[in-house]
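# What the coordinates show
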Amino acid sequence: MSVTLSLRAQVTLPRVLSDHMVVQRDLPVHVWGNATPGEGVMVSFRGESRGVNTDARGHWSVYLKPGEAGGPFELTVKGTPPLGGAAADVQTITIADVLVGDVWVASGQSNMEFAMRQAATADADLPTAANDQIRLMIVKTKASEYPLADVETEGWAASTPETAKNFSAVGWYFAREIAQREHVPVGVIDSTWGGTVAEAWTRLAALGQDAALAPIFVQWADMTTGETDWLARQRDEQRQIAEAKAAGKPVPEFPWHPQLLSWGPGMLWNGMIAPLTPFPIRGVIWYQGESNSALVRAPYYQRVFSTLISDWRHEWGVGDFPFLYVQISNFKSGPGEGWAELREQQLKTLALRNTAMAVTIDIGNPDNVHPTDKLDVGLRLALAARALSYGEDVSYSGPIFRQATPEGSAMRVWFDHHAKGLMAKGGELTGFEVAGADRRFVAATAKIDGNTVVVESDAVMEPKFVRYGWANSPMCNLFNGEGLPASPFTSAE
């Protein structure tokens, strides 16, 4: 970005508007910023120019006509005297190498933050990551008690081995697939923070409008109340670490504790999402949930997550854009966590229109909360985008539970979403359980019958409920003919 200095105008732009950016095709191009109160600003892009005067606080905003994918272009912002005022020295900002295409926001916690250089496929794909049609922007972590006007970032960059290596691996693989399939420039904004909860990414006012989410604020109060003791324990841990190093002994390990403000309701929305909402986008890809898996948090996840999705759409103001998310994978987490319950909450969130869920129960690592297969995650999200956003007739989901009906001593399970060609990968079908009216589940045998599964157990003669993959790290192997896994589920509410 080049800036011609002036004696008068003080025009500034948010960091998301910078060299190498992608602006969303087929939507009005929004350009905004600040200047001296009363100053005039002229914006020019693709042969169109529009002028506006700043308000009393120096804010200004201009919308230019939408257009098709293409570029590169230049966008200029020029400070001018107030309309009808005398001529004066002016300031010109030129944003170079602007592409018009599709913009996606990649957000969530550590599995979305997980960098390309750490991915299992990095050695094969990073050397060939140079692609001028893929543009990347990383938002630096920032918690705030109020909505900020700008994000902290180094700005946009074309994809290269160097710029891609620290970028979200899921986001990069998603972008590569969309760019190849749709033949348009793709920009991805990586706004992630590992080890964070969904309520931190949700606008505080939106959370507060739902009385059923009161437990979130109670949990936050408990966390803040205990922080003084935590800080004291942290000082003691640092002392023990220093003593161990001085004595040449192994460094002791201590339980992980999040940065306090990173868990504050609304605080990551304020610092890392709110400043982006004036920038039109195509949609969002999301990978988060592990930090909400505690048994005291998991029951509220659908409500929190649905609030997040609906409110992001409202605040962006560009319609009910596709919100594509990843169901958490399999992991041998502790007894105080309910990963199966959290997955069920994610499954129920599909009730919101224009959402899709990439199931990853088959590509996790039971011993590592950060599985390194991010290629398949990106591809599955891209499948959903191709169907929901780009109108392709593709199978984008594995079987999704619809209902279970009793048939004598068995239960027949019916599915929505691409249940054709059901198969048990790797042998006999596993992962199913049944229960009677007492809701005591036992392992069951299951067999595929057309597009349904029949489940039964000699221990339950009158089954009422069935569930599948109901464990933190389950053994389950139901897939459809497209090779996409079925989501874990339970019919017991």
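One can find the structure itself at the top, above this paragraph.
So, a few notes on the structure that sits alongside this text. (Residues numbered from 1 in each chain as written. Predicted model: local features only at pLDDT ≥ 70, side-chain atom pairs only at ≥ 80, totals over all residues. Heavy atoms only, no water.)

## Considerations on the overall build of the chain
In terms of helices and strands, the chain carries 11 helices and 24 strands. Seen through its principal axes, the chain has C-alpha atoms that stretch 90 × 60 × 50 Å. For the chain, the residues scored as buried account for 54% of the 493 residues in total. Looking at the chain alone, contacts between residues at least 24 apart form 73% of all its contacts between residues at least 6 apart. In the form shown here, the chain has an accessible surface area of approximately 21,000 Å², with 51% of it arising from carbon and sulfur atoms. (Helix = DSSP H or I, 4+ residues; strand = E, 2+ residues; numbered from the N terminus. Buried < 20%, exposed > 50% of the residue type's maximum accessible area, 1.4 Å probe, protein only. Contact = heavy atoms within 4.5 Å. Areas by Shrake-Rupley, 256 points an atom, 1.4 Å probe, with all protein chains shown as cover.)

## Some words on the packing of aromatic side chains
Enumeration according to the criterion identifies 21 aromatic pairs in this entry. With 5.9 Å between their ring centres and 65° between their planes, tryptophan 312 and phenylalanine 323 make a pair best called edge-to-face. One end of the pair, tryptophan 312, is in helix α9 (residues 301-316); the other, phenylalanine 323, is in strand β13 (residues 323-326), with 11 residues separating them in the sequence. Taking the relative accessible area as the measure of exposure, tryptophan 312 reaches 0% and is therefore buried. (Phe/Tyr/Trp six-rings, centres within 6.5 Å; stacked < 30°, edge-to-face > 60°.)

## Re the sheet that holds strand β18 (residues 432-435)
Strand order in this open sheet of four strands is β19-β18-β22-β24, and the pairing throughout is antiparallel. Lying at the two open borders of the sheet, with one neighbouring strand each, are β19 (442-443) and β24 (489-490). Pairing analysis gives four bridges linking β18 to strand β22 (residues 465-468), with the strands arranged antiparallel. The residue bridging glutamate 433 from the neighbouring strand is arginine 467, located in β22. (Pairing = 2+ DSSP bridges.)

## What about the packing of helix α4 (residues 169-182) against helix α11 (residues 375-388)?
Working note: a packed helix pair is described by the angle between its axes plus the distance between those axes. Relative orientation of the contacting elements α4 and α11 amounts to 45°, with a least axis distance of 8 Å. Between α4 and α11, the angle is such that the two are oblique. The chirality of how α4 crosses α11 is right-handed. When α4 is examined against α11, the residues Val170, Tyr173, Phe174, Arg176, Glu177, Ile178, Arg181 and Glu182 are found in contact with a partner set consisting of Leu375, Val377, Gly378, Leu379, Leu381, Ala382, Ala385 and Arg386. Its residues placed into classes, the contact of α4 with α11 shows 10 nonpolar, one polar and five charged. (Axes fitted to C-alpha atoms, helices over the stretch in contact; angles between N-to-C directions. Parallel < 35°, antiparallel > 145°, perpendicular 65-115°, else oblique. Left-handed = near helix turned anticlockwise from the far one by under 90°. Nonpolar A, V, L, I, M, F, W, Y, C, P; charged D, E, K, R; others polar.)

## Things to note about the sheet that holds strand β16 (residues 410-416)
Taking strand neighbours across the sheet as the criterion, the four strands line up as β15-β16-β21-β20 in an open arrangement whose pairing is antiparallel. The open sheet terminates on both sides in strands that have one partner only, identified here as β15 (400-407) and β20 (445-449). Strand-to-strand twist of the sheet, defined as the mean angle between neighbouring strand axes without regard to direction, takes the value 25°.

## Concerning the environment of aspartate 102
When you line up the elements, aspartate 102 lands in strand β8 (residues 92-108). Among the residues examined, aspartate 102 registers a relative accessible area of 0% and is labelled buried. Sequence separation between aspartate 102 and valine 23 is 79 residues; the distance between their C-alpha atoms is 7.0 Å. Those residues in contact with aspartate 102, other than ones at most four positions away along the chain, are Val22, Gln24, Arg25, Val184, Pro185, Val186, Gly187, Arg282 and Tyr390. Side chain to side chain, aspartate 102 and glutamine 24 meet in a polar contact 2.9 Å long. (Polar contact = N/O pair within 3.5 Å; in protein donor to acceptor, adjacent residues only side chain to side chain.)

So far we have only geometry, and geometry alone does not tell us how the molecule works.
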